[in-house]
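Read off the chains here:
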Amino acid sequence: MSAMPEIDLIRATPADQQRLQNLIELYLHDFSEILGFTPDENGRFGYPLDPFWREAGRFPFLIRSDGQLAGFTLISLGSQVSGDPTVFDVTEFFVVRGLRRHGVGVAAAHRVFASFTGTWEVRVMEQNTGAQAFWERAVSAFTKETYESFTWQSPRGTSFRVYRFVSPSRE
């Protein structure tokens, strides 16, 4: 078995916006298989990143594995489920396909959770079974199995598996 990769979680800045936008296109392409959407006439799916540069309580991160760009995560303060403004929400999370199942995602998720003390929620679409299995492993390992898991229906009618837990530590 190979050694665990070295993971760096880097707070993205406006200078990283194009890099992050490029990674988001890959992420949305993966989701198009589940949600059935297609790119626009320019061949792009598009994602509104502007709030992550302008609004308080938004935290964009790049993920690097052994020095190489590996993915991103977008964290927001405020629960989509309960409306609690103090809950950290994993808005988006992505690791490139070539690095999946090598410990990169779990290590990056743990690094993110340890970066902010408080209550966290991870929402995963019920139909995204691969992501559910990933988050079940990641959250279970981080919390030593002390988390809450339940089904939640969004206002748009989408069913989500929600993982809620508390991060007691800071890196």
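My aim in this report is to walk through the structure given alongside it, one point at a time. Quick caveat, the model's predicted, so the values are computed rather than measured. (Residues numbered from 1 in each chain as written. Predicted model: local features only at pLDDT ≥ 70, side-chain atom pairs only at ≥ 80, totals over all residues. Heavy atoms only, no water.)

Sheet architecture is open: seven strands sit in the order β1-β2-β3-β4-β5-β7-β6, paired in mixed fashion. A single partner strand is all that each edge strand has here, and the edge strands are β1 (7-11) and β6 (148-153). For this sheet, the mean angle separating the axes of adjacent strands, direction not counted, is 30°. Pairing of β6 with strand β7 (residues 159-167), which is carried by six bridges, proceeds in the antiparallel orientation. Its bridge partner lying in β7, Phe 150 is registered against Val 162. (Pairing = 2+ DSSP bridges. Helix = DSSP H or I, 4+ residues; strand = E, 2+ residues; numbered from the N terminus. Axes fitted to C-alpha atoms, helices over the stretch in contact; angles between N-to-C directions.)

What follows concerns the side chain of Gln 21. Within the element layout of this structure, Gln 21 appears in helix α1 (residues 17-35). Beyond its immediate stretch of four places on either side in the chain, Gln 21 contacts Arg 44, Gly 46, Tyr 47 and Leu 49. (Contact = heavy atoms within 4.5 Å.)

Here we take up the nonpolar core. Counting 29 residues, the largest nonpolar core has Phe 93, Phe 113, Trp 120, Val 122 and Trp 135 as its most contacted members. Residue assignment for this core shows that the elements contributing at least two residues are β1, β2 (58-65), β3 (68-77), β4 (88-95), α3 (104-115), β5 (118-125), α4 (129-143) and β7. With 20 residues, the next largest nonpolar core counts Ile 24, Leu 62, Leu 74 and Val 81 among its residues. (Core = buried A, V, L, I, M, F, W, Y, C linked by side-chain atoms within 4.5 Å. Buried < 20%, exposed > 50% of the residue type's maximum accessible area, 1.4 Å probe, protein only.)

Mapped onto the elements of the fold, Ser 32 is located in helix α1. Exposure remark for Ser 32: the relative accessible area of 15% places this residue in the buried category. C-alpha separation for the pair Ser 32 and Phe 45, spaced 13 residues apart in sequence, amounts to 9.0 Å. Those residues in contact with Ser 32 that lie beyond four places of it in its chain are Phe 37 and Phe 45. At a separation of 2.6 Å, a polar atom in the side chain of Ser 32 contacts the main-chain carbonyl oxygen of His 29. (Polar contact = N/O pair within 3.5 Å; in protein donor to acceptor, adjacent residues only side chain to side chain.)

Of all eight residues that make up β5, seven are buried, and the element is covered over most of its length. Running through α3, the crossover from β4 to the neighbouring parallel element β5 is right-handed. Sheet analysis places β5 next to β7, joined by eight bridges and oriented antiparallel. Bridged to Met 125 within β7 is Phe 160. (Right-handed = clockwise from strand over helix to strand, strands pointing away.)

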